[in-house]
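Listed here are the chains, written in short residue letters.
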Amino acid sequence: MLGLLPKLPLYWAFRTFGWPKVKPFSLVISVSFRCNSRCRTCDVWRKPNDDMTVEEWDRVFRSLGRAPFYLTFTGGEPFLRKDLDELVIRAYRHCRPQVITVPTNGMLTERTLAMVDRMCRQCPKATIGINLSLDGIGPEHDRIRGVEGNWDRAMETWQGLKALQERHRNLVLTVHTVISRFNVHRFPAIQQALLALEPDSYITEVAEERVELDTVGWGITPEPEDYDPIADLLSAQARQAPARGIARFTQAFRAQYYQLAKRVLRERDQVIPCYAGWASAHIAPNGDLWSCCIRAEPVGNLREHDYDLTPIWRSQAMEALRDSIRRRECACPMANANYANMLLHPPTLAKVALDVVRR
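Computed from a prediction, not measured in an experiment: that's the story for all the values here.

**Student:** Account for the nonpolar core, with residues named and values stated.
**Tutor:** Ranked by size, the top nonpolar core spans 109 residues in total, and within it F25, F73, L84, I130, L134, Y227 and L289 carry the most contacts. Here this core takes 8 residues from helix α9 (residues 246–267), the largest share from any one element. Those residues in contact with L134 that lie beyond four places of it in its chain are H141, W151, A154, M155, V175, H176, T177, L194 and L197. Counting residues in hydrophobic clusters, the runner-up holds 5 residues, among them I144, V178, A207 and I220.

Below is the structure:
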């Protein structure tokens, strides 16, 4: 994190003046739309697939250089790719990110454990975060995820990951809950049960209608009046949880994020400036470059530019999308992009610093 702080003025200047056109420090890599879940909050598994190969991704990572600080490898279900571990390792070798995160539904236990073991060994200076997605308890989780037995397989995977953590100090295990209209009224009970799993971190995100997931018009987002008390609860817990070192800053950011998400749901506006397209971006499985997965608007394809992000990043199409974002023609509480936004918003940084001091 300390290595990233001196670069923040470059992103402020980029958004304000259009120069220097630095590459994003936070990137989401969708490795495939394939998924073995049938979630009530996602339809990505129906999308056609044209996944780039390891060799193609290798060229992309080489073009990115050391710009990425944070890489997320997602899907679909990322562990359906039999070469996911190799993708992550190639990214590490070329980019040297400090944080690599992989979300999973936990249904492919043996493959997941083998791949995570290799990632941790081959990426020793990166924090490898595995986020297990759990939206309910037992049969309730299975109903939301659309697969009978999902919960039991996820628990088997979780226990295996816990055992792996004894061998790898760079492995961080997180439980992640998508709060939707299907579980919002039971959230306190769900959270209490999931905390009993003793994750290193427990995080939540609001179910959103995303172009990427083909869920626009589904009505999956909880009502603001239902989410407000949850946001207040999560913020209070983040401030009260014991933490040392960098975890103090992480918890302080989370406390602010939940309040930001609460305001976005109510106001339907960018409550702080969005840096998607400047500091963060998303690459689709076929090489399309997006500002984010909410809009999922391709501004160019890496296959058509020799797998080099730079010409697309500097293109007129990308500038037009940035202008739209700057005009606040979209607003969302998506966590991945908003953590970058918060880091680049001085008033939010001041609140985070105050929270840390108060600890």
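**Student:** If you had to explain the side chain of T109 to someone new, which residues and values would you point to?
**Tutor:** Positionally, T109 belongs in helix α4 (residues 109–122). Given a relative accessible area of 9%, T109 falls into the buried group. Leave out the neighbours within four places in its chain, and T109 touches R153, E156 and T157.

**Student:** Quick one: what's the story with the environment of Q191, residue by residue and with numbers?
**Tutor:** Tracing the sequence through the fold places Q191 in helix α7 (residues 187–195). For Q191, the contacting residues outside a window of four places in its chain are Y202, L233, L234 and Q237. Within the structure, the side chain of Q191 is placed 2.5 Å from the side chain of Q237, a separation counted as a polar contact.

**Student:** How would you explain unusual backbone geometry if you had to name every residue and give the values?
**Tutor:** Here the amide bond leading from W19 into P20 is cis, since omega sits at -5°, within 30 degrees of zero. Among the secondary structure elements, P20 is positioned in the loop between α1 (8–17) and β1 (26–30). Cis geometry is found at the peptide bond from G75 to G76, where omega equals 15°. Here G76 is to be found in the loop between β2 (70–74) and α3 (84–95). Phi at R96 is positive, roughly 50°, even though this residue is not glycine. Within the secondary structure, R96 is located in the loop between α3 and β3 (99–104). On the basis of relative accessibility, which here comes to 38%, the residue R96 falls in the partly exposed class. Phi angles above zero are rare outside glycine, and R268 is one such case at about 50°. The topology assignment puts R268 in the loop between α9 and β7 (280–283).

**Student:** Account for the pattern of salt bridges, naming residues and giving values.
**Tutor:** For the structure on display, the rule yields 29 salt bridges. E140 serves as the salt-bridge partner of R186, at 2.8 Å between the closest nitrogen and oxygen. Residue R186 is found in the loop between β5 (171–179) and α7, and its partner E140 is found in helix α5 (residues 139–145); the two are separated by 46 residues along the sequence. Given a relative accessible area of 40%, R186 falls into the partly exposed group. Owing to a relative accessible area of 11%, E140 belongs among the buried residues under this scheme. Where R326 meets D323, a salt bridge forms, and the shortest distance between an N and an O atom there is 2.7 Å. Here R326 and its partner D323 are both found in helix α11 (residues 316–326), 3 residues apart, which amounts to about one turn of the helix. Overall, R326 belongs to the partly exposed group, its relative accessible area being 33%. Bridged by salt links that share partners, the residues D58, R62, D85, E86, R90 and R118 form one connected network.

**Student:** Which residues make up the sheet that holds β2, and what values do they have?
**Tutor:** Overall, mixed pairing links the 8 strands, which are arranged β6-β5-β4-β3-β2-β1-β7-β8 in an open sheet. Whereas interior strands pair on both sides, the edge strands pair on one side only; in this sheet they are β6 (201–206) and β8 (289–290). Note: β2 against β3, 3 bridges, orientation parallel. Directly across from L71, in β3, lies its bridge partner I100. Lying on the sheet, α7 is in contact with β5 and β6; it crosses β6 at an angle near 150°.

**Student:** Account for helix α13 (residues 346–358), naming residues and giving values.
**Tutor:** The first and last C-alpha atoms of α13 sit 18 Å apart over 13 residues, in line with the 18 Å expected at 1.5 Å per residue. All of the buried residues along α13 are T348, V352, D355 and V356. Projected down its long axis, α13 shows its buried positions confined to an angular sector of 100°, all on one face. Exposed residues lying more than 90 degrees from the buried face of α13 are V357 and R358.

**Student:** Explain α1 to me, and be specific about the residues and the numbers.
**Tutor:** Those residues of α1 that sit buried are L8, Y11, A13, F14 and R15. Where the residues of α1 are buried, they touch α10 (309–313), α11 and α12 (335–343). Taken from the residues just after α1, G18 is the one with a positive phi, measuring 80°.

**Student:** Lay out the packing of helix α2 (residues 54–64) against α3 with the relevant residues and their values.
**Tutor:** The N-to-C vectors of α2 and α3 enclose an angle of 25°; their axes lie 8 Å apart at closest approach. As far as their axial angle goes, α3 and α2 are roughly parallel. Here the hand of the crossing between α2 and α3 comes out right-handed. Packed against α2, whose contacting residues are V54, E55, W57, D58, F61, R62 and L64, the element α3 presents E86, L87, R90, A91, H94 and C95 at the interface. Here the contact of α2 with α3 is composed, by residue class, of 7 nonpolar, 1 polar and 5 charged.

The rules behind the values
- Residues numbered from 1 in each chain as written.
- Predicted model: local features only at pLDDT ≥ 70, side-chain atom pairs only at ≥ 80, totals over all residues.
- Heavy atoms only, no water.
- Core = buried A, V, L, I, M, F, W, Y, C linked by side-chain atoms within 4.5 Å.
- Buried < 20%, exposed > 50% of the residue type's maximum accessible area, 1.4 Å probe, protein only.
- Helix = DSSP H or I, 4+ residues; strand = E, 2+ residues; numbered from the N terminus.
- Contact = heavy atoms within 4.5 Å.
- Polar contact = N/O pair within 3.5 Å; in protein donor to acceptor, adjacent residues only side chain to side chain.
- Salt bridge = Lys/Arg side-chain N within 4 Å of Asp/Glu carboxyl O.
- Pairing = 2+ DSSP bridges.
- Axes fitted to C-alpha atoms, helices over the stretch in contact; angles between N-to-C directions.
- Expected span 1.5 Å × (residues − 1).
- Arc of directions from axis to C-beta.
- Parallel < 35°, antiparallel > 145°, perpendicular 65-115°, else oblique.
- Left-handed = near helix turned anticlockwise from the far one by under 90°.
- Nonpolar A, V, L, I, M, F, W, Y, C, P; charged D, E, K, R; others polar.

Fair warning: the whole summary comes from geometry, so function is off the table for now.
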